[in-house]
Amino acid sequence: MAKLISIVNQKGGVGKTTTAVNLAAAVGALGKKVLLADIDPQGNTTSGYGISRKGLTATSYEVLIGSASAADAVLHTAFAGVDLLPSNMNLAGAEIELAAMDKRDSLLKTGLATVEGNYDYVFFDCPPSLGLITLNALTASDSFLVPIQCEYYALEGLSQLMATVRTVKRLYNPLIELEGVLLTMYDGRLNLTQQVVEEVKTFFPKKVYATVIPRNVRLSEAPSFGEPVLYYDRTSRGAEAYTALAEEFLAQQK
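Draft legend 1. Up close: the sheet that holds strand S1 (residues 3–7). Ordered by their spatial adjacency, eight strands build an open sheet running S3-S4-S2-S5-S1-S6-S7-S8, and the pairing between neighbours is mixed. Looking along the sheet, the strands with just one partner apiece sit at the ends: strand S3 (75–76) and strand S8 (208–214). The pairing of S1 with strand S6 (residues 143–149) spans three bridges and is parallel. The residue of S6 that forms the bridge with isoleucine 7 is leucine 145. The strands that helix H1 (residues 16–29) touches are S1, strand S2 (34–38), strand S4 (82–85), strand S5 (121–125), S6 and strand S7 (177–186); relative to S5, the one it contacts most, it runs at about 165 degrees. Lying over the sheet, helix H9 (residues 191–203) contacts S6, S7 and S8, oriented at roughly 175 degrees with respect to S7.

If you want it as structure tokens, here you go:
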């Protein structure tokens, strides 16, 4: 049975999609079967895997509202071990539609039930908000992973995220747990970085990954070539960091 993990932070620009794209690729490269579900209307995870958002007949939107099966929407990618549930701008209006539907908090869970058994891990790239789509991901997930950038406002809004998770835990999904916290855009030369690291470790004791994701030009370039950084430049610091993260992540699963 797959383990389902939401990659979530309602603050934008924290490396959430970068982490979804590259952690999934690195876990797949280590021999696991992965489904990467793009449930962000921006669809950056989809384009990050070299898939055009135009002309997609079935996406996470159709799976959410029940007009297409997950089996019809899931695409095989060119990258080892990874399948993709793509997204496009159709998803942007889904919040309004979902609000009127029965069992609106568990539509994603229901939609993926027929395919999740094909995978070891399912990663959700959530939108940068705490709306109904993110609620669906958290309701479906066994755990959630929080990327946090090493910048001044790093912890801003995190209390809101944790409050949302507590509500999900109480009302919809009592088993969801914090998978881990990932420090992104790390620059060890800055005093501020060290301060943020200490602050995050205080906020999330024993849940911060030892692996940190550095600022890296190759990491920034890879999406425009439609490839995870592991395939774009295997020797880059970004690729090495996400491979190390995947190894740390998998070691914790045991």
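Draft legend 2. Region of interest: the nonpolar core. Ranked by size, the top nonpolar core spans 52 residues in total, and within it Phe124, Phe144, Ile148, Val200 and Phe204 carry the most contacts. Here phenylalanine 124 is in contact with Leu4, Ile5, Ser6, Ile7, Ala37, Ile39, Leu108, Leu112, Ala137, Ala140 and Ser141, once residues within four sequence places are set aside.

Draft legend 3. Structural detail: unusual backbone geometry. Even without glycine at this site, methionine 185 takes up a positive phi of about 55 degrees. Look at methionine 185 and you get partly exposed, because its relative accessible area is 22%.

Draft legend 4. Structural view of the side chain of asparagine 173. Examined against the element boundaries, asparagine 173 turns out to sit in the loop between helix H8 (158–171) and S7. Overall, asparagine 173 belongs to the buried group, its relative accessible area being 8%. A polar atom in the side chain of asparagine 173 sits 3.2 Å from the backbone oxygen of threonine 139. Excluding residues within four positions of it along the chain, asparagine 173 makes contact with Leu138, Thr139, Ser141 and Val168.

Draft legend 5. Just the environment of leucine 112, in detail. Structurally, leucine 112 can be placed in helix H6 (residues 107–112). Of the residues examined, leucine 112 reaches a relative accessible area of 1% and is grouped as buried. Linking leucine 112 and glutamine 10, residues 102 residues apart in sequence, is a C-alpha distance of 23 Å. With residues up to four places along the chain from it excluded, the contact list for leucine 112 reads Leu35, Ala70, Leu85 and Phe124.

Draft legend 6. Main features of the pattern of salt bridges. Counting across every chain of the model gives eight salt bridges. Of the charged contacts in the structure, one is a salt bridge between lysine 169 and glutamate 177, with a shortest N-O distance of 3.2 Å. Its relative accessible area of 28% is what places lysine 169 among the partly exposed residues. Judged by relative accessible area, which is 45%, glutamate 177 ranks as partly exposed. The partner of arginine 218 in a salt bridge is aspartate 233, with the nearest N and O atoms 2.8 Å apart.

Draft legend 7. How the structure looks around helix H12 (residues 237–253). For H12, with 17 residues, the first-to-last C-alpha span of 25 Å sits near the 24 Å given by 1.5 Å per residue. Among all positions of H12, only Gly238, Ala239, Ala241, Tyr242, Leu245, Ala246, Glu248, Phe249 and Leu250 are buried.

Draft legend 8. Expanded view of the side chain of aspartate 125. Secondary-structure assignment places aspartate 125 in strand S5. Here the side chain of aspartate 125 touches threonine 45 through a polar contact of 2.6 Å, side chain to side chain. In this structure aspartate 125 touches Ile7, Lys16, Thr17, Ala20, Ala37, Asp38, Ile39, Asp40 and Thr45, once residues within four positions along its chain are discounted.

Draft legend 9. Fine view of a nonpolar patch on the surface. On the surface, a nonpolar cluster with roughly 450 Å² of combined accessible area is contributed by Tyr152, Tyr153, Leu190 and Leu192. Along the chain, leucine 190 falls in the loop between S7 and H9. A relative accessible area of 45% places leucine 190 in the partly exposed class.

The rules behind each value
Residues numbered from 1 in each chain as written. Predicted model: local features only at pLDDT ≥ 70, side-chain atom pairs only at ≥ 80, totals over all residues. Heavy atoms only, no water. Pairing = 2+ DSSP bridges. Helix = DSSP H or I, 4+ residues; strand = E, 2+ residues; numbered from the N terminus. Contact = heavy atoms within 4.5 Å. Axes fitted to C-alpha atoms, helices over the stretch in contact; angles between N-to-C directions. Core = buried A, V, L, I, M, F, W, Y, C linked by side-chain atoms within 4.5 Å. Buried < 20%, exposed > 50% of the residue type's maximum accessible area, 1.4 Å probe, protein only. Polar contact = N/O pair within 3.5 Å; in protein donor to acceptor, adjacent residues only side chain to side chain. Salt bridge = Lys/Arg side-chain N within 4 Å of Asp/Glu carboxyl O. Expected span 1.5 Å × (residues − 1). Patch = residues over 30% accessible without salt bridge, like charges linked within 9 Å, V, L, I, M, F, W, Y side chains within 5 Å. Areas by Shrake-Rupley, 256 points an atom, 1.4 Å probe, with all protein chains shown as cover.

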